[in-house]
Amino acid sequence: MQIGAHVSCSGGIHTAVDRAEALGAESVQLFTQSPRMWRPTNHDPANLERFKTRRAEAGLGGVVCHALYLVNLASPDEALYAKSVSALQNTVEVGCAIEADAVVFHVGSHLGAGFEAGLGRVVAALESVLDRCSDTTWLCLENSAGAGGTIGRSFDELAVLFERLGHHPRLGVCLDSCHLFVSGYDVGERDTLDGLLADLDARIGFERLRVLHVNDSKAPLGSNLDRHENIGEGLLGERLGVFLGHPALQGLPALLEVPGREGKGPDAEELRKARELRSRWL
Ligand SMILES: [Zn+2]
Ligand SMILES: [Zn+2]
């Protein structure tokens, strides 16, 4: 397992590698632009090259780009939908340029229009985005925390997307431990986690699982509230080690998206705690 973190790119996209290295991270996740604005960042091509050089120098494993939080591929609003599709296309372009292993995104919410109506829009959008992926830069659906109208709250919903997209060869999955927990899957129980991974394998294919998000949860099991907590300090607590230490998950980039000591994101102490918990349950 490549334990890593979501880091900032402030100062240029290549600086994400410096921050990951300073934390002792083995993998990294970044936003390719400000996550709360539609306007894409115009990256200096030299910085895209620097990213790749620095990654090799730092011996960094998995590189993951996270799309904007604003993206909603199921939106019934035409303008929002068009902006979402072009934002995700742009993220994939930057991801390919830095040779990222995956672009992770939240599918979105149909905002009350219904799963079937939302699904048609999501499928059309994803077809256009998947065309821009490369053999090595995949598009990964992240399981949602399950709040009202979100698509991707269960394996059934993710499996339907895979089916409708003809099991596209560059389509993958990102599993977030906190989102699973608040969606009602207690990933701190080995039997539950075994069952869930078997289900994933049967419905989607285990090889489609490309990225993990490792977060403890402030909110209770099944609450559908997306509130990340520092490692071992939430309602999963030490049982997060069951997820971290699961033998089937050991080859993957495992990225922390926790608040950290100072609320500025994952720090070296959070990575240390994750490694320590993992080694206890391995
Ligand atoms: Zn996540
Ligand atoms: Zn979350």
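Here the structure is shown first, and the text comes after it.
Predicted model, so just to flag it, every value in this text is computed and none were measured.

*Asks:* With reference to specific residues and values, describe the overall build of the chain.
*Replies:* The helix and strand tally for the chain stands at nine helices and 10 strands. On C-alpha atoms alone, the chain measures out to a radius of gyration of 18 Å, which is about the 19 Å that the 2.2 N^0.38 rule sets for 282 residues. Overall size of the chain, expressed as C-alpha extent along the three principal axes, is 45 × 45 × 30 Å. Looking at the chain residue by residue over its 282 residues, the buried ones come to 56%. Taking the contacts inside the chain whose residues are at least 6 apart along the sequence as the reference set, 76% of them involve residues at least 24 apart. Carbon and sulfur atoms make up 51% of the accessible area of the chain, which totals about 11000 Å².

*Asks:* Residue-level account of the coordination of the zinc ion (ligand 2), with values.
*Replies:* Protein ligation of the zinc ion (ligand 2) involves His179 (NE2), Asp226 (OD), Asp226 (OD) and His228 (NE2), the donor distances falling in the range 2.0 to 2.5 Å. Around the zinc ion (ligand 2) sit four donor atoms, and with donor-metal-donor angles ranging over 54 to 133° the site reads as irregular. Considered as a linear motif, the donors of the zinc ion (ligand 2) on their single chain read H-x46-D-x1-H.

*Asks:* Describe the pattern of salt bridges, listing the residues and the values that go with them.
*Replies:* Any two side chains of opposite charge can pair if their charged atoms end up close together. The final tally for this structure, using the stated rule, is 23 salt bridges. For Arg164, the salt bridge identified is with Glu116, shortest N-O distance 3.7 Å. Pair noted here: Arg164 is in helix α5 (residues 155-164) and Glu116 is in helix α4 (residues 115-130), with a separation of 48 residues, a long-range link. Given the relative accessible area of 40%, Arg164 is considered partly exposed. According to the relative accessible area criterion, Glu116 is exposed, its value standing at 53%. A salt bridge links Asp156 to Arg203; the nearest nitrogen and oxygen atoms lie 2.4 Å apart. In this pair, Asp156 sits in helix α5 while Arg203 sits in helix α7 (residues 190-203), placing the two residues 47 residues apart along the sequence. For Asp156, a relative accessible area of 44% translates into the label partly exposed. The exposure class assigned to Arg203 is partly exposed, which follows from its relative accessible area of 29%.

*Asks:* Describe the pairing of strand β10 (residues 253-256), with residues and values.
*Replies:* Where burial is concerned, the two faces of β10 agree: the one with Pro253 and Leu255 and the one with Ala254 and Leu256 are both buried. Strand direction decides the pairing type here: strand β1 (residues 2-6) and β10, joined by four bridges, are parallel. Residue pairing across strands places Ile3 opposite Ala254, the latter belonging to β10.

Definitions and cut-offs
- Residues numbered from 1 in each chain as written.
- Chains lettered and ligands numbered in written order.
- Predicted model: local features only at pLDDT ≥ 70, side-chain atom pairs only at ≥ 80, totals over all residues.
- Heavy atoms only, no water.
- Helix = DSSP H or I, 4+ residues; strand = E, 2+ residues; numbered from the N terminus.
- Rg over C-alpha atoms; globule rule 2.2 N^0.38 Å.
- Buried < 20%, exposed > 50% of the residue type's maximum accessible area, 1.4 Å probe, protein only.
- Contact = heavy atoms within 4.5 Å.
- Areas by Shrake-Rupley, 256 points an atom, 1.4 Å probe, with all protein chains shown as cover.
- Donors = N, O, S within 2.8 Å, 3.2 Å for Na, K, Ca; no water.
- Tetrahedral: all angles 85-135°; square planar, octahedral: opposite > 155°, others 65-115°.
- Salt bridge = Lys/Arg side-chain N within 4 Å of Asp/Glu carboxyl O.
- Pairing = 2+ DSSP bridges.

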